[in-house]
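# Report on the structure
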Amino acid sequence: MARQLDEQMAGRYPVGQRLRVLDVGMGQGTQALRLARLGHQVTGLEQDATMVAAAREALAGEPEGIRERMRIIEGDGRDTGVHFLPGSFDVVLCHGVLMYVQEPDALLAGLARMLAPGGLLSLLVRNADALALRPGLSGDWPGAVAAFDSVTYRNRLGLDVRADRLVTLTDALAGIGAPLQAWYGVRVFTDTATDGAEIPQDLQTLLTAEERAGRTDPYRSVAALLHLCGVRG
Ligand SMILES: C[S@@+](CC[C@H](N)C(=O)[O-])C[C@H]1O[C@@H](n2cnc3c(N)ncnc32)[C@H](O)[C@@H]1O
């Protein structure tokens, strides 16, 4: 995922350019910190106070140069217009968040407004076209049958949350002026791995297999997650 994002950023902007990045729903800030370490100017927006505190703690342990490049704001991703001027970012990330937003259209439109012309919108969503795969591969046949007609699923925290279809998001991105530029599958082979499963010794080969599958039809279509990249016209 990080590699796909870096590739999209490198394809749009000169190497070494300090980009203005907004990470909406940054969680504890793993991706935001990574981008700040790479030299970008990063703003993390997160609604959960516990996550904000974790991100602040992680940032506090960074060298001053990185701390200066990152700011953390506690708030709702649907309120970007309250915090920032339109067009103030080159890259907007919204990873693993749409699952928790009942009506995502307004959120997405707000994120597109935050982008400068030519800016990149990076979304990571649960793939509603492949919801039967996880229960099916786990031998949960009733779950698999039910999943074919559903766009919700129970996540690992036991919460019932939303998934998104590629075609629906493609239309949505076109509608908000940030048409789809590229898309990838994420977690094609590893979605059924249990939490805390032992990390295989040959991790690099596993990652290579995932990376290839995420870029290759038809595998990417049945990935657990979709990584969509739209570009502001
Ligand atoms: C699954 S985590 C993903 C964290 C991070 N983006 C990542 O990819 O690792 C989802 C995060 O989105 C946050 N979130 C959900 N809805 C949000 C909203 N409307 N505004 C801001 N943050 C939100 C949650 O609090 C949580 O920290």
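Worth saying up front: this structure is predicted, and the values here are computed from it rather than measured.

## Some thoughts on the pairing of strand β4 (residues 89-95)
Looking along a regular strand, one sees the side chains alternate between the two faces of the sheet. Of all seven residues in β4, seven are buried; the element is thus mostly enclosed. With three bridges connecting them, strand β1 (residues 20-24) and β4 associate as parallel partners. Bridging across to β4, aspartate 23 finds its partner in leucine 93. Inspection of the sheet shows β4 paired to strand β5 (residues 115-126) by six bridges, in the parallel sense. In the strand pairing of β5, valine 92 is matched with leucine 121. The parallel pair β4 and β5 is bridged by helix α6 (residues 104-114), and the resulting crossover is right-handed.

## Description of the pattern of salt bridges
Counted under the stated rule, the structure contains 15 salt bridges. Its salt-bridge partner being glutamate 7, residue arginine 215 comes within 2.9 Å of it at the nearest N-O pair. Separated by 208 residues along the polypeptide, arginine 215 in the loop between α10 (203-214) and β9 (225-231) and glutamate 7 in helix α1 (residues 2-12) bring together distant segments of the chain. Taking relative accessible area as the criterion, arginine 215 reaches 31% and is therefore assigned partly exposed. Here glutamate 7 falls in the partly exposed class, since its relative accessible area comes to 37%.

What counts, and at which threshold
- Residues numbered from 1 in each chain as written.
- Predicted model: local features only at pLDDT ≥ 70, side-chain atom pairs only at ≥ 80, totals over all residues.
- Heavy atoms only, no water.
- Buried < 20%, exposed > 50% of the residue type's maximum accessible area, 1.4 Å probe, protein only.
- Helix = DSSP H or I, 4+ residues; strand = E, 2+ residues; numbered from the N terminus.
- Pairing = 2+ DSSP bridges.
- Right-handed = clockwise from strand over helix to strand, strands pointing away.
- Salt bridge = Lys/Arg side-chain N within 4 Å of Asp/Glu carboxyl O.

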